[in-house]
Amino acid sequence: MGKNSKKESWGSKLGVIMAVAGSAVGLGNFLRFPGQAAQNGGGAFMIPYFVSLLLIGIPLAWAEWTMARYGGQKGFHSAPGVFQSLWKNKISKYLGSLAILIPLIIFMYYVVIEAWCLSYAIDYLNGSLMKGNDAKAYSDFFAQQVGISADGSLFQKGSMKVILVLIFTFAFNFFLIAKGLMGGIERFVKVAIPIMTVCAICVLIRVLTLKTPDPSLPEQSVIGGLGFMWNPNFEKLTDPQTWLAAASQIFFSLSVGFGVIINYASYLKEKDDVVLSGLTACSMNEFFEVCLGGLITLPAAFIFMGAGLASVSGSTFGLGFNALPNVFAQMPAGQFFGFLWFFMLFLAAVTSSLSMIQPVFAFVKEIGIEHKKAIKGVALISAVGAGFVVYFSKDLKALDTMDFWVGTFLIFILAMMQSIIFAWIFGVDRGFEEAHKGASINIPGFVKPILKYVTPVYLLVIFIGFAVNNAPAYFKSLLSDSVAGVSVAFIMFILAGILYLIHKHRKLWEHV
């Protein structure tokens with residue numbers, strides 16, 4: 001370990017469970033999940049969704065919790081050290097570079113979206129988002145907020161509000177990171193998650209008690225909205241895209257393959273229960289996603305917009321930032337519930353963004369950089385990346401490119417690597433023995449062959465399907481779009497820097 005690696009730990013089991021759950025509970029639960037379900041067969045979507053939860057989500061979460069605690073007992077809290085402790089090979093620590101790159105790059109654009117949520121919450125408080133009920137007006141409002149029309153438009157004199165909100169949001173994240181695991185992250189999530197729950201339940205009650213706004217369209221009701229969300233269209237089960245979408249949603253929803261759990265769970269003690277803790281964190285995420293996100297967004301939008309909302313939900317953020325303001329405008333006490341909704345999204349985004357920057361901070365400290373210098377260094381790099389995303393805002397090209405190559409493509413690769421390291425290199429039998437130290441429940445025996453055979457194959461099939469469906473268009477954009485090309489070059493530059501630091505300090509991990 002680096003000489004400045006200060007021993008940190010969680011204050012309680014509840015703290016780490018809520019922190020991991022908070023990393024998973026984010027914008028994808030409330031915006032991405034409902035849209036994916038609506039577009040891919042409603043209730044039929046839930047079949048491959050739960051299959052993926054059982055075959056990828058929970059098994060890989062258990063594997064990551066176990067690997068992280070094992071590496072933490074060796075004195076490591078970043079992926080290069082954890083991977084080296086699991087696989088004593090010269091290349092293993094370099095593979096850990098992806099578990100630093102992924103959360104760092106995702107943070108750079110996620111904190112921008114986080115600022116959008118806070119900006120919308122502020123706009124509901126001051127009433128500027130309740131001045132009409134024209135759907136086009138809300139789409140135009142969103143376009144102006146994020147600078148879709150032209151690169152650099154947010155830096156113009158009349159558009160600085162979002163920049164100021166972003167500066168506050170950015171500073172707030174690093175203020176909490178600087179306070180450490182117990183004093184910053186754990187303390188915040190213990191407050192934020194209950195507040196998120198209360199806000200979400202308040203909005204849920206309001207949605208479920210809404211009456212049909214247009215008597216001539218009685219089908220646009222709460223029951224109709226729930227039917228739109230949950231009634232299965234079994235023809236969709238024969239469409240590979242449905243299975244791909246469901247697996248991807250589970251994958252991203254649980255923060256599997258992000259490098260987050262590898263860091264968070266590395267601070268656990270040897271006898272801390274990783275089996276029950278991992279299952280609890282997954283369950284909390286599913287509660288927010290299925291029981292809250294699924295029951296709020298789709299029924300609310302359906303009541304006021306009907307089945308036509310499926311076209312709006314094609315964009316990950318379209319339903320939340322374009323359609324739902326139109327819903328709140330027509331809803332009794334809509335200004336209050338609009339504020340609750342976007343404030344809840346802001347809190348959910350913060351619990352996720354904290355988890356993204358913490359692995360990077362832990363790595364920088366592990367190679368021997370003093371605490372304050374580590375904070376300043378990581379903040380500077382992150383600020384450059386966030387500024388890059390904000391400046392190249394036309395059609396959200398920089399954000400979209402980063403999200404594809406890092407937030408999607410590389411996550412598949414990292415998850416595949418972790419599943420192979422755990423099941424085939426460290427050994428699934430040894431892994432289960434390690435997982436059950438201090439465990440109050442046992443992992444079912446059938447999970448062993450799932451982790452060893454089914455999960456890697458399932459991941460490979462999903463990855464191939466994903467690459468075939470999406471990669472060609474993005475490769476083409478690299479050749480035809482300068483912003484896309486520069487975005488990928490920026491990602492490669494950051495990766496090269498991480499690999500250089502790992503190589504320079506390689507002796508820190510080779511003593512394992």
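All values derive from a computational prediction rather than experimental measurement.

This next bit is on the overall build of the protein. Tallying secondary structure elements over the protein gives 21 helices and zero strands in all. On C-alpha atoms alone, the protein measures out to a radius of gyration of 22 Å, which is about the 24 Å that the 2.2 N^0.38 rule sets for 512 residues. For the protein, the spread of C-alpha atoms along the principal axes amounts to about 70 × 55 × 45 Å. The 512 residues of the protein split such that 60% are buried. Put simply, 84% of the contacts in the protein that link residues at least 6 apart link residues at least 24 apart. Counting only carbon and sulfur atoms, one obtains 66% of the accessible surface of the protein, whose full area is about 19,300 Å². Charge centroids of the protein, computed over 36 positive and 27 negative side chains, lie 11 Å from each other.

On to the packing of helix α8 (residues 160-178) against helix α16 (residues 334-366), then. When two helices pack together, their arrangement is given by the angle between the helix axes and by the axis-to-axis distance. In the contact formed by α8 and α16, the axes pass within 10 Å of each other and the chain directions differ by 55 degrees. Comparing their axes, α16 and α8 come out oblique. Viewed along their axes, α8 and α16 form a crossing whose handedness is right-handed. On α16, the residues touching T169, F172, N173, F174, L176 and I177 of α8 are F346, V350, S353, L354, I357, Q358 and F361. Of the residues in the contact of α8 with α16, the class split is nine nonpolar, four polar and no charged.

Let us now look at the confidence of the model for the protein. This prediction gives the protein a mean pLDDT of 86; 94% of its residues lie at or above 70. The least confident element of the protein, judged by mean pLDDT, is helix α14 (residues 309-312) at 54; the most confident is helix α5 (residues 92-95) at 96. Contacts for the low-pLDDT stretch residues 1-5, under 50 throughout, to residues beyond four places or in other chains number 16 contacts.

Considering only enclosed or pocket space, the second largest pocket measures out at about 280 Å³ in volume. Around the second largest pocket, the lining is made up of 16 residues, and of these V364, G377, I381, I498 and L501 lie nearest the centre. For the lining of the second largest pocket, the class distribution of residues is 13 nonpolar, two polar and one charged.

Before going further, it helps to spend a moment on the nonpolar core. Nonpolar side chains tend to gather and get buried jointly when the protein is soluble and globular. Of all hydrophobic cores here, the largest spans 190 residues; its most connected members are W116, F251 and W341. Element by element, the count of residues in this core is highest for helix α6 (residues 98-125), at 22 residues. Contacts of W116, omitting those with residues within four sequence positions, involve F142, V146, V162, F321, L396 and L399.

A separate point is α16. The end-to-end C-alpha distance of α16, which contains 33 residues, comes to 48 Å, matching closely the 48 Å that a straight helix rising 1.5 Å per residue would cover. Most of α16 sits inside the fold, with 30 of its 33 residues counted as buried. Directly beyond the C-terminal end of α16, a positive phi value near 105 degrees is found at G368.

Right, let's get into the side chain of D272. Tracing the backbone through its elements, the reader meets D272 in the loop between α12 (260-264) and α13 (274-305). Other than its neighbours up to four places away in sequence, D272 contacts K13, R69 and K437.

Here the focus is the environment of L208. Position of L208 relative to the elements: it lies in helix α9 (residues 180-208). Take L208: its relative accessible area is 38%, and that puts it in the partly exposed class. For L208 and V222, which are 14 residues apart along the polypeptide, the C-alpha to C-alpha distance reads 6.1 Å. In contact with L208, not counting residues within four places along its chain, are V222 and L295.

Basis of the calculations
- Residues numbered from 1 in each chain as written.
- Predicted model: local features only at pLDDT ≥ 70, side-chain atom pairs only at ≥ 80, totals over all residues.
- Heavy atoms only, no water.
- Helix = DSSP H or I, 4+ residues; strand = E, 2+ residues; numbered from the N terminus.
- Rg over C-alpha atoms; globule rule 2.2 N^0.38 Å.
- Buried < 20%, exposed > 50% of the residue type's maximum accessible area, 1.4 Å probe, protein only.
- Contact = heavy atoms within 4.5 Å.
- Areas by Shrake-Rupley, 256 points an atom, 1.4 Å probe, with all protein chains shown as cover.
- Lys, Arg positive; Asp, Glu negative; His and termini not counted.
- Charge placed at Lys NZ, Arg CZ, Asp CG, Glu CD.
- Axes fitted to C-alpha atoms, helices over the stretch in contact; angles between N-to-C directions.
- Parallel < 35°, antiparallel > 145°, perpendicular 65-115°, else oblique.
- Left-handed = near helix turned anticlockwise from the far one by under 90°.
- Nonpolar A, V, L, I, M, F, W, Y, C, P; charged D, E, K, R; others polar.
- pLDDT = per-residue confidence, 0-100.
- 1 Å grid on protein atoms, 1.4 Å probe; cavity = no way out; pocket = protein on both sides within 12 Å on 5 of 7 lines; lining within 4 Å.
- Points joined across faces, edges and corners; volume = space filled by probe spheres on them.
- Core = buried A, V, L, I, M, F, W, Y, C linked by side-chain atoms within 4.5 Å.
- Expected span 1.5 Å × (residues − 1).

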